[in-house]
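Chain by chain, the residues:
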Amino acid sequence: MSKPYSPSRVVHEASPSSLLSFSSSTPLYLPATPPHYSRPTLTPLPDLSPSPRAPPPAAAGSTSNDSPLKMMRSPLARPTASSPVGRPVFGFAPVTMTRQAVSSPVPPVAAAVDGITELFSNLAVQHSTEMRASLADIEKRRTDVLDRMQRRAKDSSQVIHQSMTHLREAREREARAAAEALRAKQEAEERAAQAERARLARLEREHQEAAARAAAAAAKAKEEQHAREKAEREAAEREAAERYAAREKATRDAEALAKREADTKRATAVAAAATKQRQQTEAAATAATAATAAAASKDNGAHTQLPDAYQQIVQFMKTHVNPIMKQPEHKATAAEIRKRITMRVGQLTNFRDKLNQVFMAIDKQLQEARQQGLPREYYFFALNVLAKSLCRQAEKEMRPQVTKAFPYAQITVLIMARHPEFGRIYFARLYKFCPFLVPWFPVAHTEAERKSLLRQRATEPMEKYVERMEVHAAMFGAILQTTPIVASLKNPTSFDMAWEWLARVFNSRPEVQIVFMIEKFLVLGGAAFLMQFPKQGPKMLDVLVREYAPQLGDDVRPVLARLENYWNPAQSRWVIPVPADRDAKAA
């Protein structure tokens, strides 16, 4: 492997001193190819330029044209003693060759060798000069390249910094724009949502207002209808009462006239004969009146008193149970039973939960009264108090709206199903409160008879009295068609009782009060009655509307008009609507 090339090594090896001491056997180092040049690194190089020196003075006898080339052209030319043969190369001291004067002539070979030596020395100097110039140029270029690279790096860093700044600003602008867009979108969605909520709220308000207006209009129409019906009923009742009063007055006037005539006839006879004759006459009249009443009862099919079974129940309560419960040792218990039952009956509403609650409370009270070890009269007294309380509460709550009878009918049916004895006691009390449900048409001659038989108060107007009787007829219809809310219990009554009642009514003489009562009975139980008797039920209505009621004339014209509205000409049959409040509400 050859040594790396360096100018100093070449100059040293080719220095004139070495050339002067060569021998024929010493080879001359002349590289065949230019020395290998390796690209210098970018590290700073030491300053290799020689210090400036003045050119050596020309030797005596030499001219400016004594150059190495000329000397090569004239091999016989000899350099002067003071002519320089070399220059400093890379810091080495220049080698000065001094030609000494010789007396003997120089041989041609020696002259040639000297010329060659000088030539090579000059070439070395020239080469070192060129190398220094090349290295200086390379250093300058390297410095320029480094400067340009630093400037480009600085410019690039500035460009990158500016680009990053611009990119960051662009991203910030994009982020702000996206945030603004998102905020605008959210605000738009919020405005849309608020507008939708406002629209829904407005629609809800409009719907509520419309519902309120409709409800108010319906309530107003219903009130007006009730007012019209009440006015019609009151007018009819007033007319009936006036006609009844007129008939009563005519009857009293006729009786007074007959009495005065009888008194006049009796006054003209002898006292003893008159007295005996009067006794005979009164006995005959009494017998005739009884026979006439019996015949009329047989012809009309009506009862002259309560049925025996119910009459016995009322008599049993009056003569056996009530006196025992009024005794001092039982009086407090009787008051407690009456208080609890009356309180529970007053809490009735047409809701299933409330009905169940009241039924369980009353049933518990009855079970406690029927416990072993207690007098039997406690149980019958509690049943009798419950029956009275239901009838009286119905009279208070159901006027004039008879549809309120359903919660009372529901409790009545539930207690009847759980306590069979209550059914007989309740209907005995119901027939006593309203004898027209038997039907029974008692004739009252005194105020006591009017109160005990007709259940009409002393100062009660006829229309109020008929209205109370209508309540019991509606209660009768509600009980017959009620389905117990407790699935395990069954209604012990049936519409056979209604059929028997209507059959007796139509087979007796027409009565105004009966027509009003039948109408209220049909309002609550008419639909179920037609369903129970699909073939014979319409015939009953035909008899009522076309035969029975028309016999009473104008006294029942408003009621007859309402009954005729049940006829549906399109279907050619009687159609009675089901009451809206028939079934108990869930909550």
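Heads up: the structure comes first, above all this text.
How each quantity is defined
Residues numbered from 1 in each chain as written. Predicted model: local features only at pLDDT ≥ 70, side-chain atom pairs only at ≥ 80, totals over all residues. Heavy atoms only, no water. Salt bridge = Lys/Arg side-chain N within 4 Å of Asp/Glu carboxyl O. Buried < 20%, exposed > 50% of the residue type's maximum accessible area, 1.4 Å probe, protein only. Helix = DSSP H or I, 4+ residues; strand = E, 2+ residues; numbered from the N terminus. Core = buried A, V, L, I, M, F, W, Y, C linked by side-chain atoms within 4.5 Å. Contact = heavy atoms within 4.5 Å. Arc of directions from axis to C-beta. Axes fitted to C-alpha atoms, helices over the stretch in contact; angles between N-to-C directions. Parallel < 35°, antiparallel > 145°, perpendicular 65-115°, else oblique. Left-handed = near helix turned anticlockwise from the far one by under 90°. Nonpolar A, V, L, I, M, F, W, Y, C, P; charged D, E, K, R; others polar.

K.L.:
Honestly, the pattern of salt bridges in this entry has me stumped. Any pointers?
P.N.:
Inspection of the entire model under this criterion finds 17 salt bridges. Of the charged contacts, one joins Glu-190 and Arg-197 as a salt bridge, the two residues approaching to 3.3 Å between their closest N and O atoms. Take Glu-190: its relative accessible area is 40%, and that puts it in the partly exposed class. Salt-bridge contacts for Arg-340 lead to Glu-368; the nearest nitrogen and oxygen are separated by 3.8 Å. With Arg-340 in helix H7 (residues 328-345) and Glu-368 in helix H8 (residues 352-369), the pair connects residues that are 28 residues apart, well separated along the chain. With a relative accessible area of 36%, Arg-340 lands in the partly exposed category.

K.L.:
What exactly am I supposed to notice about the nonpolar core here?
P.N.:
One broad rule of soluble globular proteins: the nonpolar side chains tend to lie buried together. Among the nonpolar cores identified, the biggest contains 104 residues, and Leu-386, Ile-411, Phe-422, Tyr-426, Leu-437, Phe-476 and Ile-518 are the most heavily contacted of them. Apart from the residues within four sequence positions on either side, Leu-386 is in contact with Ile-341, Val-345, Ile-362, Leu-366, Ile-415 and Phe-422.

K.L.:
What is the right way to read helix H16 (residues 536-548) from this model?
P.N.:
The periodicity of an α-helix, 3.6 residues per turn, causes residues three or four places apart in sequence to face the same way. Listed in full, the buried residues belonging to H16 are Gly-537, Met-540, Leu-541, Leu-544, Val-545 and Tyr-548. In an axial view of H16, the angular spread of the buried residues amounts to 130°, which keeps them on one side of the axis. Where H16 is buried, its residues meet helix H14 (496-506), helix H15 (512-532), helix H17 (557-564) and strand S2 (573-574).

K.L.:
It is not clear to me how the packing of H7 against H8 should be interpreted in this structure. Could you clarify?
P.N.:
The packing of two helices is summarised by the inter-axis angle and the distance between the axes. Put simply, H7 and H8 touch, their axes get as near as 9 Å, and they point 165° apart. Put simply, H7 runs roughly antiparallel to H8. Classified by chirality, the crossing of H8 by H7 is left-handed. For the pair H7 and H8, the contacting residues are Ile-337, Arg-340, Ile-341, Arg-344 and Val-345 in the first and Gln-357, Val-358, Ala-361, Ile-362, Gln-365 and Glu-368 in the second. When the residues that make up the contact of H7 with H8 are grouped by side-chain class, the tally is six nonpolar, two polar and three charged.

Geometry only, nothing functional implied.
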